[in-house]
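As a plain string of letters, each chain reads:
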Amino acid sequence: MNQTGVIVNSRWQWLSERYEYVELDEYVIMPNHFHGILIIQTRRDRSRPVPTDALKIKSLSELIGAFKTTSSKRIREIGFAYFQWQRSFYDHVIRNDDELNRIREYIQNNPLKWSLDEYNPLNQTQL
């Protein structure tokens, strides 16, 4: 994994460290994109003390925004001044275990498909 991949990985891990209600599931960092499953726990563990300023659970958009913002900042700091994520992201609510397992498998197999990706430099034709 190159420097930008290491940063993306650390910022993805940071989400679950920063937000106690975020659990990371399967994910993969590809040369030109990222796939990941986030589990957002909406029920609090009543055995843990709750701060008086009760924790507001951020939306998926806010969490992905934090991930993109913090990773972009660090990637630019190491010399990739023009790095940017695409404006939006694709999300999907996973509704059952079959769907979860299918998506996990897709993520796990994604690196095997890199050779077919139209943005893989080996697939670029020279004009």
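In this report, the structure presented in the accompanying data block is examined. (Residues numbered from 1 in each chain as written. Predicted model: local features only at pLDDT ≥ 70, side-chain atom pairs only at ≥ 80, totals over all residues. Heavy atoms only, no water.)

On a plain count of helices and strands, the protein chain comes out with three helices and two strands. Counting helices and strands in the order they occur from the N terminus, the protein chain gives α-β-β-α-α. Here the protein chain, with 127 residues, has 28% of them falling under the buried criterion. The contacts of the protein chain with a sequence gap of at least 6 include a subset with a gap of at least 24, amounting to 51%. Of the roughly 9700 Å² of accessible surface on the protein chain, a fraction of 50% belongs to carbon and sulfur atoms. (Helix = DSSP H or I, 4+ residues; strand = E, 2+ residues; numbered from the N terminus. Buried < 20%, exposed > 50% of the residue type's maximum accessible area, 1.4 Å probe, protein only. Contact = heavy atoms within 4.5 Å. Areas by Shrake-Rupley, 256 points an atom, 1.4 Å probe, with all protein chains shown as cover.)

Direction of pairing for strand β1 (residues 22-29) relative to strand β2 (residues 34-40): antiparallel, over a ladder of six bridges. Pairing of Ile 29 across the sheet is with Phe 34, part of β2. Counting the residues between successive antiparallel strands, the hairpin from β1 to β2 contains four residues. (Pairing = 2+ DSSP bridges.)

Here we take up the nonpolar core. In terms of nonpolar packing, the biggest core is built from 16 residues, with Trp 12, Leu 15, Tyr 19, Val 22, Leu 38, Leu 63 and Phe 67 touching the most fellow members. Taken together, the elements giving at least two residues each to this core come down to α1 (3-18), β1, β2 and α2 (60-77). In this view, Tyr 19 contacts Trp 14, Lys 58, Leu 63 and Ala 66; residues no more than four positions away in its chain are not counted. Of all hydrophobic cores here, the second largest spans seven residues; its members include Val 28, Met 30, Ile 107 and Trp 114. (Core = buried A, V, L, I, M, F, W, Y, C linked by side-chain atoms within 4.5 Å.)

In this structure the tally under the stated criterion is nine aromatic pairs. With a centroid separation of 4.7 Å and an interplanar angle of 65°, the aromatic rings of Trp 12 and Phe 34 are classed as edge-to-face. Linking Trp 12 in helix α1 with Phe 34 in strand β2, this pair joins segments that are 22 residues apart in sequence. Take Trp 12 and Phe 34: they sit in the same class, and that class is buried. Between Tyr 19 and Tyr 21, the aromatic rings sit 5.9 Å apart at their centres with planes inclined by 45°, giving tilted as the arrangement. In textbook terms, an aromatic cluster arises when at least three aromatic residues are bridged by ring pairs, as seen for Trp 12, Tyr 27, Phe 34, Phe 67, Phe 83 and Trp 85. (Phe/Tyr/Trp six-rings, centres within 6.5 Å; stacked < 30°, edge-to-face > 60°.)

This part is about helix α3 (residues 97-109). Between its terminal C-alpha atoms α3 stretches 18 Å, which fits the 18 Å expected from 13 residues at 1.5 Å a residue. For α3, the secondary structure elements touched by its buried residues are β1 and β2. The opening residue of α3, the one whose side-chain oxygen lies 3.2 Å from the backbone nitrogen of Asp 98, is Asn 96. (Expected span 1.5 Å × (residues − 1). Polar contact = N/O pair within 3.5 Å; in protein donor to acceptor, adjacent residues only side chain to side chain.)

A separate point is the pattern of salt bridges. Pairs can form between side chains of opposite charge once their charged atoms are near each other. All told, the structure shown has three salt bridges when counted by the stated rule. Asp 25 is paired through a salt bridge with Arg 104; the nearest N and O atoms lie 2.7 Å apart. Taken as a pair, Asp 25 in strand β1 and Arg 104 in helix α3 lie far apart in primary sequence, 79 residues in all. We classify Asp 25 as buried; its relative accessible area is 15%. (Salt bridge = Lys/Arg side-chain N within 4 Å of Asp/Glu carboxyl O.)

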